[in-house]
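# Structural overview
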Amino acid sequence: MEKSTSQVSRKDTVLSTRYIEGLIAEGNHVFIFEKRVLKVDAWIKFHPGGDKAIKHMVGRDATDEITALHSKEARERMLSYQIGRIEGLWSNFKPPMHGGKYRPYTDESCSSEEDLSSVENSSQDGSTPPSPVFDASALRKRNTTATVTPEPSLPANTAWKTTGPTFLDARTKEELAFDTAKYPPVDIEHQEIVKQKYRALQQRMLNDGLFKCRYFCYFIEASRYTLFASLSYLFLRWGWYAFSAFFLGIFWHQLVFCAHDAGHMAITGNFQFDSIIGILIADWMGGLSLGWWKRSHNVHHIITNAPEHDPDIQHIPFFAVSHRFFNSLWSTYYDRFMTFDKPSQFLLKVQNYSYYPIMSLARFNLYRLSYEYLLKGQAPKKGPAWFHVWLEIAGQCFFFYWFVYGVVCKTLPDWQTRVTFLLISHIMTSPLHVQITLSHFAMSTTDMGPQESFPQRMLRTTMDVDCPTWLDFFHGGLQFQAIHHMYPRMPRHNLRRAQKYILEFCQDTGIPYAIYTFYDGNKEVISHLGEVAKQLKLMEECRKSITTEGVFNPLD
């Protein structure tokens, strides 16, 4: 009993901001969840969603991100890692992964009184050089003004040398000024109002049953999958190979929606059941790794459209959705420079023309990413997902057997037919890739600072696609990407019903809700890719002019 009481007492200890900063400076993974301070170093290597997602939350209040992506049972298990609690509003730090700097908490840098004080008092200590991130004056300034993240330095081996940061920095400031004028202020007070209204909205939709799965919808889905698979098999047996490939591609395209639901635990709500369902669909039937997708997708949901961090917009050398990619950014997801090299300089100039051809073959790249995840040991080896990697490897072997060996090699008569079959079946899945990129490529990539709330960032970086109800099966619910990003575990068959709630939320908070028709959304993406390509051409002209004449005059 005494031990239990002592543990409870330690967990209820109020920790100062300065003390938490010191813990992070020592390399600990610490974040805030419902005013509880969690230190998850013992858990991070077992996290089924990968370590990257956790690292993006270090030093932040991760309440909304955790609630959005985890079940009630998972959230309750997290409390075992509680080391204390906070009082009052929390001012987010910039995570170390984002370049945040932290001061060690030592006897020389902090007094015992400072341990009990707020960050304003701790920053007055003169024994340690003050950090602009954590000083009281900087905190107050940070709460009223978004900061521009400086452009990273070019790697030494890059072939491209810009004429300087002037053009890139000016463009970054323009985009930041546009978003600052368009969206609510990113100070703590305004964003706390947004958070509270977001949480109240979630409770309201929970009470209205929007988080309950409608299983009859999956009966209809399963019937549709069976129809497409049967047609593909029949045409294959009859020797109508092009038709067989056509329906196989549609079968894969539709299956991904169900795998996506399972990956978000939106079917049964049980981590193991939904994971197994997702693996059977993604790996065994489609040849794609669900584990890779979850590791990548969780980061995408947390730090959406951040050029340095979101793997879903890191497609150098083929695409750049921001001028920031012209400076060879370091990818925190892939742990490498996205080098702005000669191929990038050429391909990005025509990216608005190459968009659809590349999207038509995008599934082949998903195979590569899946194999890299499974073969490089990126999957959790311990914890609740320890056996998933073996189930996935077995699924990949099964997929290779039935599709590559059984269909492509043994059934199809010659290489010309095999190549045609592969191209048709994989091109038919391309609407999915267009759908996903459509919702993000034309949206903001600006960093508005660490105080921006989760719901505001999701609405700022994601658009929805308007379509008739009868076309929902084609888009698979993913046309409501903004709503899905706000509430990832909401079953997709309920997203259309949730739209009216989101519209009310946006009107109440003053956050714009981006929604386009499928046609107009495509126009926005192509236009945005073309604009970035023009920026690149302008930079190149500037560089050439300075190299040859020492001056650049845009009027010449």
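## Thoughts on the packing of helix α12 (residues 241-263) against helix α14 (residues 290-302)
When two helices pack together, their arrangement is given by the angle between the helix axes and by the axis-to-axis distance. Contact pair α12 / α14: the axes reach a minimum separation of 11 Å and the direction vectors enclose 65 degrees. As α12 packs across α14, the resulting crossing turns out to be right-handed. When α12 is examined against α14, the residues Ala-259, His-260 and Gly-263 are found in contact with a partner set consisting of Leu-290, Trp-293, Lys-294 and His-297. Of the residues contributing to the contact of α12 with α14, the split by class is 3 nonpolar, 3 polar and 1 charged.

## Digging into the packing of aromatic side chains
On inspection of all chains with the given rule, the structure shows 35 aromatic pairs. Aromatic pair Phe-228 and Phe-247: ring centres 6.4 Å apart, planes at 25 degrees, arrangement stacked. You can see Phe-228 sitting in helix α11 (residues 215-238) and its partner Phe-247 sitting in helix α12, a full 19 residues away along the chain. For the pair shown, Phe-228 and Phe-247 are each scored as buried. Arranged with centres 5.8 Å apart and planes meeting at 50 degrees, the rings of Trp-240 and Phe-243 form a pair that is tilted. What makes Trp-240 partly exposed here is its relative accessible area of 48%.

## Focus: the confidence of the model for the protein chain
Summing up the model confidence of the protein chain, the mean pLDDT is 87 and the portion of residues at 70 or higher is 86%. Considering only residues more than four positions removed or in separate chains, one finds that residues 111-164, a stretch of pLDDT under 50, has 111 contacts.

## Details of the side chain of Arg-460
Along the polypeptide, Arg-460 turns up in helix α21 (residues 454-461). A residue is classified by how much of its surface remains accessible, and Arg-460, at 0% relative accessible area, is buried. Of the polar contacts made by the side chain of Arg-460, one reaches the side chain of Asp-179; its length is 3.3 Å. Once you skip the residues sitting within four places of it in the chain, Arg-460 turns out to touch Asp-179, Tyr-183, Met-443, Ser-444, Thr-446, Met-448 and Glu-452.

## Examining α12
Look at α12: 32 Å from first C-alpha to last across 23 residues, which is about the 33 Å you get at 1.5 Å a residue. Within α12, 18 of the 23 residues are buried, which leaves it mostly tucked inside the rest of the structure. Phi for Met-265, located one or two positions after α12, is positive at around 55 degrees.

## Thoughts on unusual backbone geometry
For the peptide bond that leads from Ile-316 to Pro-317, omega is 15 degrees, which places it in the cis range. With respect to the element layout, Pro-317 can be found in the loop between α14 and β4 (330-331). We note that Ser-328 has phi near 50 degrees; this positive angle belongs to a residue other than glycine. Positionally, Ser-328 belongs in the loop between α14 and β4. Given a relative accessible area of 0%, Ser-328 falls into the buried group.

## Details of the pattern of salt bridges
Under the criterion given, the structure shown has 23 salt bridges. Notably, a salt bridge pairs Lys-197 with Asp-508, separated by 3.3 Å at the nearest N-O pair. Separated by 311 residues along the polypeptide, Lys-197 in helix α10 (residues 188-207) and Asp-508 in helix α24 (residues 495-509) bring together distant segments of the chain. Residue classification places Lys-197 among the partly exposed positions, given a relative accessible area of 28%. Overall, the relative accessible area of 48% leaves Asp-508 in the partly exposed class.

The rules we used
Residues numbered from 1 in each chain as written. Predicted model: local features only at pLDDT ≥ 70, side-chain atom pairs only at ≥ 80, totals over all residues. Heavy atoms only, no water. Axes fitted to C-alpha atoms, helices over the stretch in contact; angles between N-to-C directions. Helix = DSSP H or I, 4+ residues; strand = E, 2+ residues; numbered from the N terminus. Left-handed = near helix turned anticlockwise from the far one by under 90°. Contact = heavy atoms within 4.5 Å. Nonpolar A, V, L, I, M, F, W, Y, C, P; charged D, E, K, R; others polar. Phe/Tyr/Trp six-rings, centres within 6.5 Å; stacked < 30°, edge-to-face > 60°. Buried < 20%, exposed > 50% of the residue type's maximum accessible area, 1.4 Å probe, protein only. pLDDT = per-residue confidence, 0-100. Polar contact = N/O pair within 3.5 Å; in protein donor to acceptor, adjacent residues only side chain to side chain. Expected span 1.5 Å × (residues − 1). Salt bridge = Lys/Arg side-chain N within 4 Å of Asp/Glu carboxyl O.

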